[in-house]
Amino acid sequence: MSTDRVPVHVSVLPAETLSLLDPKAGETWVDCTVGGGGHTRMFAERVGPNGRVIGLDQDPTMLEMARQRVAGLTVELVHANFDQLSEVLTARGIDSVDGVFADLGFSSDQMSEKARGLSFRDDGPLDMRLDPTTGETAADMVNTMSEAGLADVFWEFGEERRSRRVAQRIVARREEKPFATTADLANVVRSCVPRSGSIDPATRVFQALRIAVNDELGSLDRLLAMLPRVVKLGGRAGIISFHSLEDRRAKQAFRAVGLWQPVTKKPVEASDEETARNPRARSAKLRVARRIAN
Ligand SMILES: C[S@@+](CC[C@H](N)C(=O)[O-])C[C@H]1O[C@@H](n2cnc3c(N)ncnc32)[C@H](O)[C@@H]1O
């Protein structure tokens, strides 16, 4: 991914995020998922010159792209997985912060970059890592994982009803020739999953692999577990999720009696006007909670 690009990602639920999380002048906030820097910038403008925003992203290219959007504001950009949030704060001598926010998943900029291999619409290397500096690629996974292991991934993270059949077909094919590209995998999936409506049959398998490659649910569980220690009393936490596996986790975490008071009883969703402008917002769900005394 080249770094001279300007982010095209459009932040979801911007007004709702600001009004429910309510960052105030002089506060310290963490944006766990800088992406194109849209939310980070809004937080930084609110906390002002006497406040501080620490912005994390596991993708160094997104941080470079966001840098110009937050230029001149009190923002520190850090290349880290958000499951390392405690370590990032400790290294800066910070015990706790006024607010933590995460807008999960991937940005439009990452999805449209063929070399990432996130999209089945474009042919590219079968990679899918959001942090390209570390870990196994999707190709490593489909070429080495057991058939049962692959079927579990497709079922658990993609709710793909034909998970076993897809896994069987993949294992048979890789014995002839290992998988290297997204088109290669998408075609094998399409050969054994029937199309339903306008949804590409490869959609669920690609989502499942991306979640597994990036250990997305493991990272989210670790972040949610550390939030009560990291957010000060009266502080706020907000999570925007894009599928039920994530939303369920945020809902459970913010229900912990004696730790959090939910600010949103039901998740906040985008208005028709926003989804018309930004189709990505269609599946976004925002949950916010306030840290209370235990
Ligand atoms: C939906 S985008 C964020 C968009 C951003 N809020 C904006 O307004 O432009 C999600 C970003 O989070 C990053 N990300 C996803 N999981 C992460 C994790 N576990 N740790 C750190 N960054 C992560 C991705 O690399 C991506 O850049």
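Remember, predicted model here, so these are calculated numbers, not experimental data.

1. Overview of the overall build of the protein chain
- Helix and strand counts for the protein chain come out as 13 helices and 7 strands.
- Relative to the globule expectation of 19 Å for 294 residues, the C-alpha radius of gyration of the protein chain, 20 Å, shows essentially globular dimensions.
- Each of the three principal axes of the protein chain carries a C-alpha extent, and together these read 60 × 45 × 40 Å.
- Counting only residues that meet the buried cut, the protein chain has 45% of its 294 residues in that class.
- Of all intrachain contacts in the protein chain linking residues separated by at least 6 positions in sequence, the fraction that spans at least 24 positions is 70%.

2. A look at the sheet that holds strand β3 (residues 75–79)
- The strand order across the open sheet built from 7 strands is β3-β2-β1-β4-β5-β7-β6, with neighbouring strands paired in mixed fashion. Two strands in the sheet have a free side with no partner beyond their single neighbour: β3 and β6 (260–262). For this sheet, the mean angle separating the axes of adjacent strands, direction not counted, is 20°.
- Judged from the 6 bridges that link them, strand β4 (residues 97–103) and strand β5 (residues 231–241) form a sheet pairing that is parallel. From the neighbouring strand, Gly-99 faces β5, where its bridge partner is Arg-236.
- Contacts between helix α2 (residues 38–47) and the sheet are confined to β1 (28–31), β2 (52–57), β3 and β4, with β2 contributing the most and set at about 170° to the helix.

3. A closer look at unusual backbone geometry
- If you check the backbone angles, Asp-22 has positive phi at about 50° while not being a glycine.
- Relative to the assigned elements, Asp-22 resides in the loop between α1 (14–21) and β1.
- Phi is positive for Asp-215, close to 45°, though the residue is something other than glycine.
- The topology assignment puts Asp-215 in the loop between α10 (203–213) and α11 (216–230).
- Overall, the presence of 15 C-beta atoms within 10 Å leaves Asp-215 in the partly exposed class.

4. Some details on the site of the ligand
- Around the ligand sit 22 residues, and of these Ser-11, Thr-33, Gly-35, Gly-36 and Gly-38 come closest.
- When residues of the shell around the ligand are traced back to their parent elements, those giving at least two are α2 and β2.

5. Thoughts on the domain arrangement of the protein chain
- Taken domain by domain, the protein chain holds domain 1 (14–109 + 216–291) and domain 2 (132–213).
- Each of domain 1 and domain 2 has a C-alpha centre, and these two points are 30 Å apart.

6. Digging into the packing of helix α7 (residues 147–158) against α10
- Direction vectors running N to C along α7 and α10 enclose 100°, while the axes themselves pass 8 Å from each other. Accordingly, the angle class assigned to the pair α7 and α10 is roughly perpendicular. Listed contacts from α10 to Val-153, Phe-154, Phe-157 and Gly-158 of α7 are Arg-204, Val-205, Gln-207, Ala-208, Leu-209, Ile-211 and Ala-212.
- Here the contact of α7 with α10 is built from residues that sort into 8 nonpolar, 2 polar and 1 charged.

7. Considering α11
- The end-to-end C-alpha distance of α11, which contains 15 residues, comes to 20 Å, matching closely the 21 Å that a straight helix rising 1.5 Å per residue would cover.
- Among all positions of α11, only Glu-216, Leu-220, Leu-223, Leu-227 and Val-230 are buried.

8. Some details on the pairing of β2
- Within β2, 6 of the 6 residues are buried, which leaves the element mostly enclosed by the surrounding structure.
- Side chains Arg-52, Ile-54 and Leu-56 of β2 all project onto a buried face; the interleaved residues Val-53, Gly-55 and Asp-57 project onto the opposite face, where all are buried too.
- One ladder, built from 4 bridges, connects β1 with β2; its direction is parallel. Within β2, the residue paired with Val-30 across the bridge is Ile-54.
- As a crossover connection, the stretch from β1 through α2 into β2 is right-handed.
- As paired elements, β2 and β3 share 5 bridges and run parallel to each other. Bridging from a neighbouring strand, Asp-57 pairs with His-79 of β3.

9. Let's talk about the packing of α7 against helix α8 (residues 163–176)
- Look at α7 against α8: their axes get within 8 Å of each other, and the N-to-C directions meet at 135°. When the interaxial angle is binned, α7 and α8 end up oblique. Every pair of crossing elements has a handedness; the one defined by α7 and α8 is right-handed. Between α7 and α8, the residues in contact are Glu-147, Leu-150, Ala-151, Phe-154 and Trp-155 and Ser-163, Arg-164, Val-166, Ala-167, Gln-168, Ile-170 and Val-171, respectively.
- Classifying every residue of the contact of α7 with α8 by side-chain character gives 8 nonpolar, 2 polar and 2 charged.

The rules behind the values
- Residues numbered from 1 in each chain as written.
- Predicted model: local features only at pLDDT ≥ 70, side-chain atom pairs only at ≥ 80, totals over all residues.
- Helix = DSSP H or I, 4+ residues; strand = E, 2+ residues; numbered from the N terminus.
- Rg over C-alpha atoms; globule rule 2.2 N^0.38 Å.
- Buried ≥ 20, exposed ≤ 12 C-beta atoms within 10 Å, placed from the backbone.
- Contact = placed C-beta atoms within 7 Å.
- Pairing = 2+ DSSP bridges.
- Axes fitted to C-alpha atoms, helices over the stretch in contact; angles between N-to-C directions.
- Near = placed C-beta within 6 Å.
- Domains from an automatic or database assignment.
- Parallel < 35°, antiparallel > 145°, perpendicular 65-115°, else oblique.
- Nonpolar A, V, L, I, M, F, W, Y, C, P; charged D, E, K, R; others polar.
- Expected span 1.5 Å × (residues − 1).
- Right-handed = clockwise from strand over helix to strand, strands pointing away.
- Left-handed = near helix turned anticlockwise from the far one by under 90°.

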